[in-house]
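Next come the chains, spelled out residue by residue.
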Amino acid sequence: MNCETFESLMADALGDELAPGQHPAFDEHLAACTTCRQEFESLRATAATMHSLPGPQRVTVRREGSRLVLEERSDHQLRLDASHQKPSTAASSPLKILRYAAGLLIAFTGGYGFHAVIMARDAIRTAETIVQADKQDDGETSLQGSIVQAHSRKPKRSDLAKCLIAMSARKR
Amino acid sequence: MSTIGKPPTDRFEDYTSEVYGWAFRLLGRHHDALDVVQEVFLRWNTQCRSAAPDRPRGWLRRVTLNRAIDVRRQRHGQAAIDVTGDEVQIRYEDVAACLDHETLRNDITLALDQLSDVQRSVLVAKTYDEMTFAQIAGELGLALSTVKTHYLRALRTVHDRLQPRWAKETPS
Ligand SMILES: [Zn+2]
């Protein structure tokens, strides 16, 4: 197989539609040709990255007169789930969060401008209000504690809010 | 529930879940996706008053993606965590994953924004609707080879747009 033929089969290969008989020659060229391999791998990684984006929860649709009503199905209720958490996750969370906060910082400074910052500030102000309100109930807890708590099955709003504030503080 | 393989109808209800799904994929928030569904529903009604689209699903995918990209642009880099009124909602397993998905959603939406309508439709149909190239060709009224060409070009554009993200994640 030459590069041109390889190129003509690349969409099928990426789309998982390569005919079984085409695999051996395709794989052989893939292994032998660096240029084609690099191109193929970069597109495959792109397709995989796009695919990794979570889709919606199931919604139910019903008609009420002239209106359509969409409801999230209760068995797919969006919630924090402790079963996803390995014991080591809590310890690594602050690092993870800082890493994502750094990502956000780049996103925020990467040209989204003033508007984004103002929107984020509104969110932070709301979060700070929540933390203040909950503090009156049960005293102050550490950020570390809040992050661990945010991973639990029933996180308190103040814990999530505190994480948000911490992330925004790193961002500034 | 997928409508692939079913004969096209001119009932919006038959496509509502998919319209919601396309919008959610780019926006990541239930209420934003719902807003898009309502707007697309209105445009659909207006369109159907003159003539129902020949290829309803293709029409809806195109209009929905365009509208969702607009909404995403208006939203800029708002906080990933939904803070509305005094409610804090968190949508994924943990705070970090939520932020990661949000920045990825943002990157992918901005990449889709660089594509032509037809490239965008082909890429979304293949990646998220999991249609075959032949199904896409039938739905959009294009030649099979054209669909594959659009798919590869679209993937390349998205790859170039996501490149800085990967460069950032690779440890130096
Ligand atoms: Zn080659």
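See above for the structure.
Quick summary incoming for the structure in this document. (Residues numbered from 1 in each chain as written. Chains lettered and ligands numbered in written order. Predicted model: local features only at pLDDT ≥ 70, side-chain atom pairs only at ≥ 80, totals over all residues. Heavy atoms only, no water.)

### Some thoughts on the pattern of salt bridges
Residues and elements named next belong to chain B.
Here comes step 1: As enumerated under the stated definition, the model contains 15 salt bridges over all chains in all.
Here comes step 2: When the shortest N-O distance is used, the salt bridge between Asp 14 and Arg 11 registers 3.2 Å.
Here comes step 3: Taking the relative accessible area as the measure of exposure, Arg 11 reaches 45% and is therefore partly exposed.
Here comes step 4: For Asp 70, the salt bridge goes to Arg 67, with nearest N and O atoms at 3.8 Å. Here Arg 67 and Asp 70 lie together in helix H3 (residues 56-75), a separation of 3 residues that amounts to about one turn.
Here comes step 5: A relative accessible area of 22% means that Arg 67 is categorised as partly exposed.
Here comes step 6: Taken together, the shared-partner salt bridges connect Glu 18, Arg 57, Arg 61, Asp 129 and Glu 139 into one network. (Salt bridge = Lys/Arg side-chain N within 4 Å of Asp/Glu carboxyl O. Buried < 20%, exposed > 50% of the residue type's maximum accessible area, 1.4 Å probe, protein only. Helix = DSSP H or I, 4+ residues; strand = E, 2+ residues; numbered from the N terminus.)

### Description of the coordination of the zinc ion
Residue and element names in this part refer to chain A.
Here comes step 1: At this site the zinc ion is bound by Cys 3 (SG), His 29 (NE2), Cys 33 (SG) and Cys 36 (SG), with donor distances of 2.1 to 2.3 Å.
Here comes step 2: For the zinc ion, the 4 donor atoms are set out with angles of 100 to 114 degrees between them, so the coordination reads as tetrahedral.
Here comes step 3: Sequence spacing of the donor residues for the zinc ion, all on one chain, is C-x25-H-x3-C-x2-C. Placement of the pair is Cys 3 in helix H1 (residues 3-14) and Cys 33 in the loop between helix H2 (23-32) and helix H3 (34-51), with a sequence separation of 30 residues.
Here comes step 4: Relative accessible area serves as the criterion here: at 39%, Cys 3 is assigned to the partly exposed category.
Here comes step 5: Taking the relative accessible area as the measure of exposure, Cys 33 reaches 13% and is therefore buried. (Donors = N, O, S within 2.8 Å, 3.2 Å for Na, K, Ca; no water. Tetrahedral: all angles 85-135°; square planar, octahedral: opposite > 155°, others 65-115°.)

### Observations regarding the packing of aromatic side chains
Here a ring pair, both rings aromatic, is described through the centre-centre distance and the interplanar angle of the planes.
Here comes step 1: Applying the stated criterion to the full structure yields 9 aromatic pairs over all chains.
Here comes step 2: Taking the centre distance of 5.5 Å and the plane angle of 70 degrees together, the rings of Phe26(A) and Phe40(A) count as edge-to-face. Taken together, the residues Phe26(A) in helix H2 and Phe40(A) in helix H3 connect sequence positions 14 residues apart.
Here comes step 3: Phe40(A) sits in the buried class, given a relative accessible area of 4%.
Here comes step 4: For the ring pair Trp44(B) and Trp59(B), a centre distance of 5.7 Å and an interplane angle of 65 degrees mean the geometry is edge-to-face. Placement of Trp44(B) in helix H2 (residues 30-50) and of Trp59(B) in helix H3 is noted, with a sequence separation of 15 residues between them.
Here comes step 5: What makes Trp44(B) buried here is its relative accessible area of 2%.
Here comes step 6: Looking at Trp59(B), the relative accessible area reads 11%, which means it is buried.
Here comes step 7: Each residue in the set Phe12(B), Tyr15(B), Phe41(B), Trp44(B) and Trp59(B) is aromatic and connected to the rest through ring pairs, giving one cluster.
Here comes step 8: Lys126(B) extends its terminal NZ or CZ atom over the ring of Phe133(B), reaching a point 4.4 Å from the ring centre. (Phe/Tyr/Trp six-rings, centres within 6.5 Å; stacked < 30°, edge-to-face > 60°. Lys NZ or Arg CZ within 6 Å of the ring centre and 35° of its normal.)

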